[in-house]
Amino acid sequence: MDFLPDADQDALIEATRQYIQSRVPPNDSLARLDDIRWKEITELGWLGLATEEGAGGAGATLLDEVFVFREIGRGLVPGPILATLAAARLAAWTGHTALSSDLIGGQARVARAISLPGDHDRLLVLDGEDSALVLTVDGDRAALYTTPQHLETSAGLEDGTSVGHAGLADLGCASVVADDGRVVGRLRRVLSILTSAQLAGICGATRDLATEYAKNRVQFGRPIGAFQAIKHKCADMATHALAADNVTFFAALTEMTGATDSDYHALAAASCCRRASFANARANVQIHGAMGFTVEDNAHRFVKRTHTLCVTESFDRAAELLGGLPSAQTSEEAWPRPN
Amino acid sequence: MDLSFTSEDCVFRREVRAWLRDNVPTDERPQDFAGARAWDMAWLRRQFDGGYGGIAWPRDYGGQGLPLVRQLIWFEEYARAGGPDIGCGFVGINHGGPTLIARGSETQKRRYLPKILAGEEVWCQGFSEPGAGSDLASISTKGCIEGDELVVNGQKIWTSYAHMADFQELLVRTDPESSRHGGLTWVICDMHSPGITVRPITSMDGLAEFCEVFYDDVRIPLDNVVGEIGDGWLVAMSTLGFERGTGFMKLQTELSVTLERLIEDAAKLGALADAGIRTQLGDLRADVLAMRAMTYAIVSSAARTDVPGPEGSIIKIFYADLAQRIHRTRMEIIGVHRLDRGGRYGYDIGEYLYSYANTMGGGTSEVQRDIVGERVLGLPRNR
C-alpha cells in the first residue's frame, strides 16, 4: 500500500500540465480544440490511455487517466475529450475494435447527448458541431449514433459554446449498442471517475488562484490573505482539494481491481467532488471580489465548467444513490460486522 | 500508487482479526476512576502480551518494529471488531510515547516506553493553561532551575485523565525573560509528586475525563527534560504533529463504523424512505471515504518522511467537521428518542454531545485553518 503518486505518475502529471500550459492555456479561453490540437492530444494518448492495446489504446490504467483528466479540469481544456474516450472504450468493449482505434487515433470526435428531465425523447447535445458521432448513456443502455446533419442550436452555459437540440428519433439507428448492465455500469463508472478527476482539478486550480490573489491583493495596508476571513476560506479550499484528489484516486484504484461491480466508490467520489468543486469555484469568485464577477478573470469559467460536468454525469443524484446502497465491499477484503 | 496490501499484510490482517475476535473485552468499563483505569490498563496489557503493543514502535523499547501500514491494518480491524475506546491509555500511546521515540534520550526511552505499552503507567498532557489555549505559546507556568531540579509553579487545564495519570508531558516556561515560543521546556512530570492538586471537570456529555492541575513548588529532576532546555516548543510541535497526523488512522475507521450503524438504525426507523435523508447519508459516506483516502495518503507520506507535516491540519479540519455532521444527522434520525438519555439511544446522545469537542480538542479548527493558510499555502501571518 502506497497512496502517493510514484515517479512515473509524477512525470505524467508534469508533462500533461506543461502541454496544457503551452498549447491550451486557460487564459486563451479556447471554446474548442482545433484539428491540430486534437491531433496533438491523440499523440499524447489522452483518448485511450487505459483502453487495451488491441483496440488502439495504450494499455495503461484508469489512474493514469485520472491524472490526465485532473489536469484537463485544472486547465479548463474544452471537450469533447471525455465523450470521445468513453465512446472508444464502449466500442472496444463491444468488439468494435476498428472504431475504437479510429476514435483514439483522432479520426472523429464524439458528442454527448443527455435527456431532458420529464421528456426522455428530447436530447441536449454537447459539443455537437465538430462531432461525427453522438454518445448516449441512459439507464442500462449506452449507444453511439451518427450526429444529425442539422442540429438546432442555442447558446451554451460556457462562454463561446453552443448546445444542440434533437429528438431521440432524429438520431436514427445506433451503430454501437451496449445493453448489458455490467458493460454500461463499467462505462458509467469510467465517465464518473474521470469527471470527478476534472472536478478535483478545478478544486486545485481555484485553491491556487485564490491563494495567489490573496497574497498579492493589498487592502487596509496588508495582503488580504493575512485576514482570517480570507485565509480560512483558502484553508477550506485546500481541504476540499485534498479530499477531492484522494477520494478520486481511491475510486480509480478500486475500479482497477475489477473486484466489484458496485458503484459505491465512484458515487462517493462524485458526491464529494461535486460539493468540493462548487464550494471552491464559488469561493474563488468571492476572493477575487468584483474582478471575479467579470469575464476578465477566469473565476466564472470554473463555476460554469463545474455545472457542465456535474449535470452531464447526473452528479446531483450521486449522494442519494450512495445513501441507498448496501455498505461497501472494500478492495482488500470484505470485513465481517462485529456482533 | 498502490492500494493493494501484500500477502504478508493480508496474513497479518487475518491474524489480527482472529485475535481481536477472541480478545476484545465484552464486560462493561467501570464508571469509577480507579476501576476505569484498571480496566483500560488490563486491555492494553492484553494487547501487549498478544504481541500487538506498539506495532510501529521500535523493538528495543517493547514495540513490534513493523511498518506503519501494519498499524493502519490494526486500527481498521480494531474499529470493525468493536474494540473499546483507548481510554486513559490515549496520551501515552498516541503522543507521549511517539514524542519520546522522536526526541527522548536513550535512558528516557528505556525507562518509559515499555511501561506505556504494557499498560503499567498512565500519561496525561499538560499543555493548555487558562491563559494559553489557542494561543499556546503564551504559557506562563514557571519552571525555575534549582541545582539539578526544575521547580514548577502554575496551572494547567483540559488535562485529560490527569486524575488517573502517573506521568505528564508538561510544557513550562523555564526562561523567565522569554516570551512566546522561546524559553519553553518539555519535561516529564511525575503526577504523584508533592505539590500537585488535580480537580476533574465535568464536560457537557456528563463525563469527567479532563481536569485542572495546580502546581505548588513541584520538584522535577532535570534528567526528565525531553530535548533541550528552552527547546520545548519544537518538541511540543512534534507531539501535536502525531496527534494531527497518523492519529487519524483509528478515528477514520471508527467514523465509518459509526456511520454504517447509523444507516442500519435509519433503516429500522424508516428514515431511509426519505430522499433527503438518503442524500445526507450518501454525502457522509462519500466524505468518510475521502477521510479514509486522505489518511492513507498521510500514512504513506509519514512512511517516507517519519514525521507528519502540517497537512495533518487539513485532515483534522475535515475530520472534526465530518464527525460533527455525522452526529447531528444521528440526532435527526433518532428523532424523539434523542430526549431519552437513559433509553436505547443513550450512547448515541453521549457521542453527539462529545462531538462538540471535535472542533476544539488538539487545537481548534480556527487555529488549524491559520496553520493551513500560513504553513501549507504560504499566506502572510495574521499577527
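About the thresholds
- Residues numbered from 1 in each chain as written.
- Chains lettered and ligands numbered in written order.
- Predicted model: local features only at pLDDT ≥ 70, side-chain atom pairs only at ≥ 80, totals over all residues.
- Helix = DSSP H or I, 4+ residues; strand = E, 2+ residues; numbered from the N terminus.
- Rg over C-alpha atoms; globule rule 2.2 N^0.38 Å.
- Contact = placed C-beta atoms within 7 Å.
- Buried ≥ 20, exposed ≤ 12 C-beta atoms within 10 Å, placed from the backbone.
- Axes fitted to C-alpha atoms, helices over the stretch in contact; angles between N-to-C directions.
- Parallel < 35°, antiparallel > 145°, perpendicular 65-115°, else oblique.
- Left-handed = near helix turned anticlockwise from the far one by under 90°.
- Nonpolar A, V, L, I, M, F, W, Y, C, P; charged D, E, K, R; others polar.
- Domains from an automatic or database assignment.
- Core = buried A, V, L, I, M, F, W, Y, C linked by C-beta atoms within 7 Å.
- Pairing = 2+ DSSP bridges.
- Expected span 1.5 Å × (residues − 1).
- pLDDT = per-residue confidence, 0-100.

### What to know about the overall build of chain A
Then, in step 1: In terms of helices and strands, chain A carries 11 helices and nine strands.
Then, in step 2: Taking 339 residues into account, the globule formula puts the C-alpha radius of gyration at 20 Å, and chain A, at 20 Å, falls close to it.
Then, in step 3: In chain A, the proportion of contacts linking residues at least 24 apart, taken out of those at least 6 apart, comes to 68%.

### What about the overall build of chain B?
Then, in step 1: Per the secondary structure count, chain B includes 11 helices and eight strands.
Then, in step 2: Taking 2.2 N^0.38 as the reference for a compact globule, 383 residues should give roughly 21 Å; the C-alpha atoms of chain B span a radius of gyration of 21 Å, in line with that estimate.
Then, in step 3: For the C-alpha atoms alone, the extent of chain B along its principal axes is close to 70 × 45 × 45 Å.
Then, in step 4: Sorting the 383 residues of chain B into buried and exposed places 47% on the buried side.
Then, in step 5: Restricting the contact set of chain B to residue pairs at least 6 apart, pairs at least 24 apart contribute 72%.

### Some words on the interface of chain A and chain B
Then, in step 1: In this assembly, 45 residues from chain A lie in contact with 41 residues from chain B.
Then, in step 2: Contributing elements (two or more residues each) for the side of chain A that touches chain B: α6 (181-216), α7 (228-257), α8 (264-287) and α11 (318-323) of chain A.
Then, in step 3: With 14 residues, the single largest contributor to the side of chain A that touches chain B is α7 of chain A.

### Describing the packing of α7 of chain A against α8 of chain A
All names here are of chain A.
Then, in step 1: Look at α7 against α8: their axes get within 9 Å of each other, and the N-to-C directions meet at 155°. Classified by the interaxial angle, the pair formed by α7 and α8 is roughly antiparallel. Where α7 crosses over α8, the handedness of that crossing is left-handed.
Then, in step 2: Looking at the contact of α7 with α8 residue by residue, the classes come out as 17 nonpolar, six polar and two charged.

### A closer look at the domain arrangement of chain B
All names here are of chain B.
Then, in step 1: Per the domain assignment, the segments of chain B are domain 1 (7-85), domain 2 (123-231) and domain 3 (245-376).
Then, in step 2: With centres defined by C-alpha atoms, the gap from domain 1 to domain 3 works out at 22 Å.
Then, in step 3: Taken together, the contacts link 10 residues of domain 1 with nine residues of domain 3.
Then, in step 4: Residues of the side of domain 1 that touches domain 3, tallied by class, amount to seven nonpolar, one polar and two charged.

### Focus: the nonpolar core
Then, in step 1: Core analysis: the largest hydrophobic core is formed by 210 residues, its most contacted members being A87 and V247 of chain A.
Then, in step 2: If near-sequence neighbours (up to four positions away) are discounted, A87 of chain A is found in contact with L103, V110, L133, L135 and L144 of chain A.

### What to know about the pairing of strand β1 (residues 109-116) of chain A
Walk down a regular strand and you will see the side chains alternate between the two sheet faces.
Residue and element names in this part refer to chain A.
Then, in step 1: Two strands pair when backbone bridges link them, and β1 and strand β3 (residues 131-138) are joined in this way by five bridges, in the parallel orientation. Of the residues in β3, the one forming a bridge with A113 is T136.
Then, in step 2: Relative to strand β2 (residues 119-126), β1 runs antiparallel, the two being bridged by five bridges. Paired with S115 across the bridge in β2 is L123.

### Here's the deal with unusual backbone geometry
Then, in step 1: Note that the residue after G79 of chain A, namely P80 of chain A, is joined by a cis bond; omega there is 0°.
Then, in step 2: Take P80 of chain A: it is sitting in the loop between α3 (62-74) and α4 (81-93).
Then, in step 3: Unlike most non-glycine residues, S29 of chain A shows phi in positive territory, near 50°.
Then, in step 4: The residue Y161 of chain B is not glycine, and still its phi comes out positive at about 65°.
Then, in step 5: Assignment of secondary structure puts Y161 of chain B in the loop between β3 (149-160) and β4 (167-173).
Then, in step 6: Y161 of chain B sits in the buried class, given 26 other C-beta atoms within 10 Å.

### Comments concerning the domain arrangement of chain A
Residue and element names in this part refer to chain A.
Then, in step 1: Along its sequence, chain A is organised into domain 1 (7-178) and domain 2 (181-323).
Then, in step 2: Computed from C-alpha atoms alone, the centre-to-centre distance between domain 1 and domain 2 is 20 Å.
Then, in step 3: At the interface, 29 residues of domain 1 touch 32 residues of domain 2.
Then, in step 4: Where the side of domain 1 that touches domain 2 is concerned, the elements lending two or more residues are α3, α4, β1 and β4 (141-146).
Then, in step 5: Taken together, the residues of the side of domain 1 that touches domain 2 break down into 17 nonpolar, two polar and 10 charged.

### Focus on α6 of chain A
Then, in step 1: Here α6 of chain A spans 52 Å end to end across 36 residues, near enough to the 52 Å set by a 1.5 Å rise per residue.
Then, in step 2: Counting buried residues along α6 of chain A, 26 of its 36 residues qualify, which places the element largely inside the surrounding structure.

### A word on the pairing of strand β5 (residues 152-155) of chain A
Then, in step 1: In this sheet, strand β6 (residues 162-167) of chain A lies alongside β5 of chain A in antiparallel orientation, the contact comprising four bridges. Residue pairing in the sheet places E152 of chain A in a bridge with H165 of chain A of β6 of chain A.

### A look at the environment of E158 of chain A
All names here are of chain A.
Then, in step 1: Along the chain, E158 falls in the loop between β5 and β6.
Then, in step 2: Given 21 C-beta atoms within 10 Å, E158 falls into the buried group.
Then, in step 3: Taking C-alpha positions, E158 is 6.8 Å from R305, a pair spaced 147 residues apart along the chain.
Then, in step 4: Those residues within four positions of E158 in sequence are excluded, and the remaining contacts are K304, R305 and T308.

### Side note on the environment of D223 of chain B
Then, in step 1: Inspection of the secondary structure puts D223 of chain B in the loop between β7 (210-221) and β8 (225-226).
Then, in step 2: For the pair formed by D223 of chain B and E260 of chain B, sequence separation is 37 residues and the distance between their alpha carbons is 48 Å.

### Notes on the sheet that holds β4 of chain A
Whenever strands of a sheet pair, they do so through backbone hydrogen bonds, lying parallel or antiparallel.
Residue and element names in this part refer to chain A.
Then, in step 1: Read from one edge of the open sheet, seven strands run β5-β6-β2-β1-β3-β4-β7, paired in mixed fashion. Lying at the two open borders of the sheet, with one neighbouring strand each, are β5 and β7 (176-178). For this sheet, the mean angle separating the axes of adjacent strands, direction not counted, is 30°.
Then, in step 2: Across the face of the sheet, α4 comes into contact with β1, β3, β4 and β7 while running at roughly 95° to β1.

### Overview of the confidence of the model for chain B
All names here are of chain B.
Then, in step 1: Looking at chain B, the pLDDT average stands at 93 and 97% of residues meet or exceed 70.
Then, in step 2: For chain B, per-element mean pLDDT is lowest for helix α6 (residues 232-244), which scores 76, and highest for β8, which scores 98.
Then, in step 3: Taken over the whole predicted complex, pTM reads 0.95, whereas the ipTM for its chain interfaces reads 0.95.

### As for the packing of α6 of chain A against helix α10 (residues 299-312) of chain A
All names here are of chain A.
Then, in step 1: Axis separation between α6 and α10 bottoms out at 10 Å; the angle between their running directions is 165°. Looking at the two axes, α6 sits roughly antiparallel to α10. Remark: the crossing between α6 and α10 carries left-handed chirality. Packed against α6, whose contacting residues are T195, Q198, L199, I202, A205 and T206, the element α10 presents F302, R305, T306 and L309 at the interface.
Then, in step 2: Taken together, the residues of the contact of α6 with α10 break down into five nonpolar, four polar and one charged.

### Some points on the environment of V257 of chain B
All names here are of chain B.
Then, in step 1: Looking at the secondary structure, you find V257 in helix α7 (residues 248-268).
Then, in step 2: The partly exposed category is assigned to V257, around which 18 C-beta atoms lie within 10 Å.
Then, in step 3: The spatial distance from the C-alpha of V257 to the C-alpha of G82 is 8.5 Å, given a sequence separation of 175 residues.
Then, in step 4: With near-sequence residues (within four places) excluded, V257 lies in contact with A79 and R80.

### Overview of the confidence of the model for chain A
Then, in step 1: Averaged over all residues, the pLDDT of chain A is 94; the fraction at 70 or higher stands at 97%.
Then, in step 2: Here residues 331-339 of chain A is modelled with pLDDT under 50, and outside its nearest four sequence neighbours on either side it reaches 12 contacts, counting other chains as well.

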